[in-house]
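What follows is each chain in one-letter form.
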Amino acid sequence: MLDSTVTDQVQETLDSLNAALEEGDAQAASALFATDSYWRDLVAVTWNLKTVEGPSAVQDMLTAQLKHTKPQGFALQDGEIPGEDGGVVTAWITFETAVGRGWGLMRLKDGRIWTLLTALQELKGFEENRGKRRPMGAEHGAAKNRRSWTEKREAEAAELGYTEQPYTVIVGGGQGGIALGARLRQLGVPTIVLDKHDRPGDQWRSRYKSLCLHDPIWYDHLPYIKFPDNWPVFTPKDKVGDWLEMYTKVMEINYWSRSEVQSAQYDDDTGTWEVKVNRDGEEVTLRPTQLVLATGMSGKPNMPQFPGMEDFNGTIQHSSQHKGPDDWTGKKVVVVGSNNSAHDICAALWEADADVTMVQRSSTHIVRSDTLMDIGLGALYSEEAVANGMTTEKADMVFASLPYRIMHEFQIPLYDQMRERDAEFYAGLEKAGFELDWGDDGSGLFMKYLRRGSGYYIDVGASQLIIDGEVKLVKGQVDHFDETGVVLSDGTHLDADLVVMATGYGSMNGWAADLISQEVADKVGKVWGLGSDTTKDPGPWEGEQRNMWKPTQQENLWFHGGNLHQSRHYSLYLALQLKARLEGLDTPVYGLQEVHHLS
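All figures in this text were calculated on a predicted structure; none of them were measured in a lab.

How each quantity is defined
- Residues numbered from 1 in each chain as written.
- Predicted model: local features only at pLDDT ≥ 70, side-chain atom pairs only at ≥ 80, totals over all residues.
- Heavy atoms only, no water.
- Helix = DSSP H or I, 4+ residues; strand = E, 2+ residues; numbered from the N terminus.
- Rg over C-alpha atoms; globule rule 2.2 N^0.38 Å.
- Contact = heavy atoms within 4.5 Å.
- Areas by Shrake-Rupley, 256 points an atom, 1.4 Å probe, with all protein chains shown as cover.
- Lys, Arg positive; Asp, Glu negative; His and termini not counted.
- Charge placed at Lys NZ, Arg CZ, Asp CG, Glu CD.
- Pairing = 2+ DSSP bridges.
- Axes fitted to C-alpha atoms, helices over the stretch in contact; angles between N-to-C directions.
- Buried < 20%, exposed > 50% of the residue type's maximum accessible area, 1.4 Å probe, protein only.
- 1 Å grid on protein atoms, 1.4 Å probe; cavity = no way out; pocket = protein on both sides within 12 Å on 5 of 7 lines; lining within 4 Å.
- Points joined across faces, edges and corners; volume = space filled by probe spheres on them.
- Nonpolar A, V, L, I, M, F, W, Y, C, P; charged D, E, K, R; others polar.
- Polar contact = N/O pair within 3.5 Å; in protein donor to acceptor, adjacent residues only side chain to side chain.
- Salt bridge = Lys/Arg side-chain N within 4 Å of Asp/Glu carboxyl O.
- Phe/Tyr/Trp six-rings, centres within 6.5 Å; stacked < 30°, edge-to-face > 60°.
- Lys NZ or Arg CZ within 6 Å of the ring centre and 35° of its normal.
- Expected span 1.5 Å × (residues − 1).

Trainee: So what exactly am I meant to see when it comes to the overall build of the protein chain here?
Mentor: Along its length, the protein chain carries 18 helices and 25 strands. The C-alpha atoms of the protein chain give 25 Å as radius of gyration, which agrees with the globular expectation for 599 residues (25 Å, within 12%). When its C-alpha atoms are laid out on the principal axes, the protein chain stretches across 75 × 70 × 50 Å. In the protein chain, once contacts between residues fewer than 6 apart in sequence are set aside, the share between residues at least 24 apart is 66%. Summed over its atoms, the accessible surface of the protein chain is roughly 25600 Å², and 46% of this surface lies on carbon and sulfur atoms. Here the protein chain carries 57 positive and 88 negative side-chain charges, and the mean point of each set is 5 Å from the other.

Trainee: Mind showing me how you'd approach the sheet that holds strand E12 (residues 272–279) here?
Mentor: Within a sheet, neighbouring strands are paired by backbone hydrogen bonds and run either parallel or antiparallel to one another. Ordered by their spatial adjacency, 3 strands build an open sheet running E11-E12-E13, and the pairing between neighbours is antiparallel. For this open sheet the edge positions go to strand E11 (259–267) and strand E13 (282–286), each flanked by a neighbour on one side alone. Ignoring which end each strand starts from, the neighbouring axes of this sheet average 15° apart. Pairing analysis gives 5 bridges linking E12 to E13, with the strands arranged antiparallel. Bridging across to E13, Lys 276 finds its partner in Thr 285.

Trainee: Help me understand the environment of Phe 559 in this model?
Mentor: Looking at where Phe 559 falls in the secondary structure, it is placed in strand E25 (residues 557–559). Overall, the relative accessible area of 0% leaves Phe 559 in the buried class. The spacing of Phe 559 and Ile 170 is 389 residues in sequence and 9.4 Å in space, taken between C-alpha atoms. In this view, Phe 559 contacts Leu 293, Met 508, Asn 509, Ala 512, Val 524, Val 527, Asn 547, Met 548, Trp 549, Thr 552 and Leu 574; residues no more than four positions away in its chain are not counted.

Trainee: Mind showing me how you'd approach the layout of surface pockets here?
Mentor: Empty pockets left among the atoms are what a rolling probe the size of a water molecule brings to light. Approximately 820 Å³ is the volume found for the second largest pocket. Taken together, 31 residues line the second largest pocket, and the ones lying closest to its centre are Arg 107, Leu 380, Val 398, Leu 402 and Phe 410. Those elements that place two or more of their residues in the lining of the second largest pocket are strand E4 (83–85), strand E5 (88–96), strand E6 (100–109), helix H9 (369–377), helix H11 (392–401) and helix H12 (404–421). Class assignment of the residues belonging to the lining of the second largest pocket gives a composition of 20 nonpolar, 7 polar and 4 charged.

Trainee: Please explain the environment of Glu 127 as it appears in this structure.
Mentor: On the secondary structure map, Glu 127 appears in the loop between strand E7 (112–123) and helix H4 (149–159). Given the relative accessible area of 18%, Glu 127 is considered buried. In the structure, Glu 127 is positioned 59 residues away from Gln 186 in sequence and 8.9 Å away in space, judged by C-alpha atoms. With residues near it in sequence (within four places) discarded, Glu 127 still touches Arg 101, Glu 122 and Arg 133. Within polar-contact distance, the side chain of Glu 127 engages the side chain of Arg 101 at 2.9 Å. At a separation of 3.1 Å, a polar atom in the side chain of Glu 127 contacts the main-chain amide nitrogen of Gly 125.

Trainee: When you look at the pattern of salt bridges in this model, what are you seeing that I'm missing?
Mentor: A side chain with one charge may pair with a side chain of the opposite charge, provided their charged atoms come close. Applying the stated criterion to the full structure yields 32 salt bridges. For Asp 242, the salt bridge identified is with Arg 205, shortest N-O distance 3.1 Å. With Asp 242 in helix H7 (residues 237–250) and Arg 205 in helix H6 (residues 202–205), this pair connects stretches of sequence that are 37 residues apart. By relative accessible area, which is 43% here, Asp 242 ends up partly exposed. A salt bridge links Lys 332 to Asp 355; its shortest N-O distance comes to 3.2 Å. One end of the pair, Lys 332, is in strand E16 (residues 332–336); the other, Asp 355, is in strand E17 (residues 355–360), with 23 residues separating them in the sequence. In this structure, a network of salt bridges that share partners links the residues Arg 199, Asp 202, Arg 205, Asp 242 and Glu 245.

Trainee: Looking at this model, I keep getting lost on unusual backbone geometry. Mind explaining?
Mentor: With the exception of glycine, the majority of residues adopt a negative phi angle, and the majority of peptide bonds are in the trans configuration. With omega at 5°, the peptide bond leading from Gly 539 into Pro 540 counts as cis. Looking at the element boundaries, Pro 540 is found in the loop between helix H17 (518–524) and E25. In this structure, Asp 110 takes a positive phi of about 55° despite not being glycine. Secondary-structure assignment places Asp 110 in the loop between E6 and E7. Although it is not a glycine, Asn 547 sits at a positive phi angle of roughly 65°.

Trainee: Please clarify how the sheet that holds strand E9 (residues 191–194) should be interpreted in this entry.
Mentor: One open sheet holds the 5 strands; their spatial order is E10-E9-E8-E14-E25, and the pairing between them is parallel. Edge strands, defined here as strands with exactly one partner in the open sheet, are strand E10 (255–256) and E25. On the sheet, helix H5 (residues 175–186) packs against strand E8 (168–171), E9, E10 and strand E14 (290–293) and is oriented at approximately 165° with respect to E8.

Trainee: I keep staring at the packing of aromatic side chains and nothing clicks. Help me out?
Mentor: In the structure shown here, the tally under the stated rule is 20 aromatic pairs. Centre to centre, the rings of Tyr 449 and Tyr 456 are 6.5 Å apart; their planes meet at 70°, and the pair counts as edge-to-face. The exposure class assigned to Tyr 449 is buried, which follows from its relative accessible area of 10%. Through pairs of rings, three or more aromatic residues link up here, namely Tyr 449, Tyr 456, Trp 528, Trp 549, Tyr 570 and Tyr 573. Geometry around Trp 114 places Lys 109 over its ring, the cationic atom sitting 3.7 Å from the centre. The ring of Trp 438 is capped by Arg 419, whose NZ or CZ atom sits 4.5 Å from the centre of that ring.

Trainee: What should I look at first to understand H7 in this one?
Mentor: It helps to recall that an α-helix has 3.6 residues per turn; residues three or four apart then point in one direction. In this model, H7 (14 residues) spans 20 Å end to end at C-alpha, consistent with the 20 Å of a helix rising 1.5 Å per residue. Looking at the buried residues of H7, the elements they touch are H5, H6 and E10. Glu 252 lies just past H7 and shows a positive phi near 55°.

Here it is, written out as structure tokens:
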């Protein structure tokens, strides 16, 4: 073993794993895993998004699932040679199950499996019509009264939801709903995407005019259609909106705009939902089997109430309602909050010659955009990564292969580098009185996002305004409003014509409470977070994002969303789960999400 090549080590491990699985010997398979090890499965073995930790948990999972899902045929991926770095061997693998095919990434340490990612990619017999299976489009030959492609699409659009019922209804037509709608379309799952706006992309167009993506373009592709090579690195909001509208049309998604859900109710006897929709003034009742809430990872706007708000003579807006600075030139504006939206709004107001004050209520993690792109994302999502052969799909899998339990250990050194590189920048912020943090354990932005979805700003210029005193900064808590402004708990009075509450959002299950019932929202529990027992992410440890992209305690109810990267990557696994159920495949779920927190 000591003298064998890296490839031989990997092959020996795969051979042993295949032999144990073929024998149905969960104990022998689990013995191949290190004491400190992690198997992250995306639908393939568990029909869930589930990470099991350590040999005993691997054995429990396999004992429950082997006879159902039959993982087998683990092999090195064609054209990929295992590598070794710092005593860790990394290998791209492929495998099959009873009903599907998948690929993944395996890491060996001291001859045993340290991390294993298995991700289902397609269902046997229900593969996407792509490549050699793509549709012809043109029907050669002659036939009387045949319908054109457009006529078939028009007929489908007229019938679905009326004479024919969709199998799946997706509530929310932003990037999450659109990405999932495209996946389901390619899998032949009859689906309607519902959105209250006039056009796809209006979710972006309606926000403040300076909004743009803070993530770089290589991180943000949608499924099937990548952004062109000349697309800007950071996409402005209206350009995002136009792309989503174009994408919806060319991917032939059944997208109902100006359609707002009035209520949804699950019928246990029939296993279907009754979804009442106001479609542009017409009441339509849909009866899908599956209901997906894609209403935004951040959920409902959190609009706190303070004494005296009704007496204030100015305007109060949540950041989600703020359209931009144009009406506030020469006016006094107070922005309550110090995360991404607060900074963006403050900078745009300053540019429009408003008198701007930011109220920082708690510490904020800040990382400069250029530094984040270079140190945090460069190896996977950058022009250099593409030139080095890193595809979007491989980058997504590398990122997914790091178990959440130990991901912070990989992130901390990166953020230590960022802190050192931009030391002068941070010293300037602290001198201005800005309260900084790096996460509870120093792991920075990505872990904050995964744990709580808030508490950070990717600096694209607003921080320098604070350093220079162009945007005024005060720290404290809002106590109450009076006729002319905001009063903080220490008695500080801030005159204001406009107060923007950049106070974030609640859990997505708040939408379940509004659209379905509080009982169902409580049955499902909190959405998002890892159970890391850090700020705003209470334990116990979950190992995966709560309730996202996987079965919930409410039968046939799913949550989908996140940033563009997550909407792209995880839409595949949710789509495969829905397709499997449509086709009547056996989908025994291992480790169904437990409920520890209601909201």
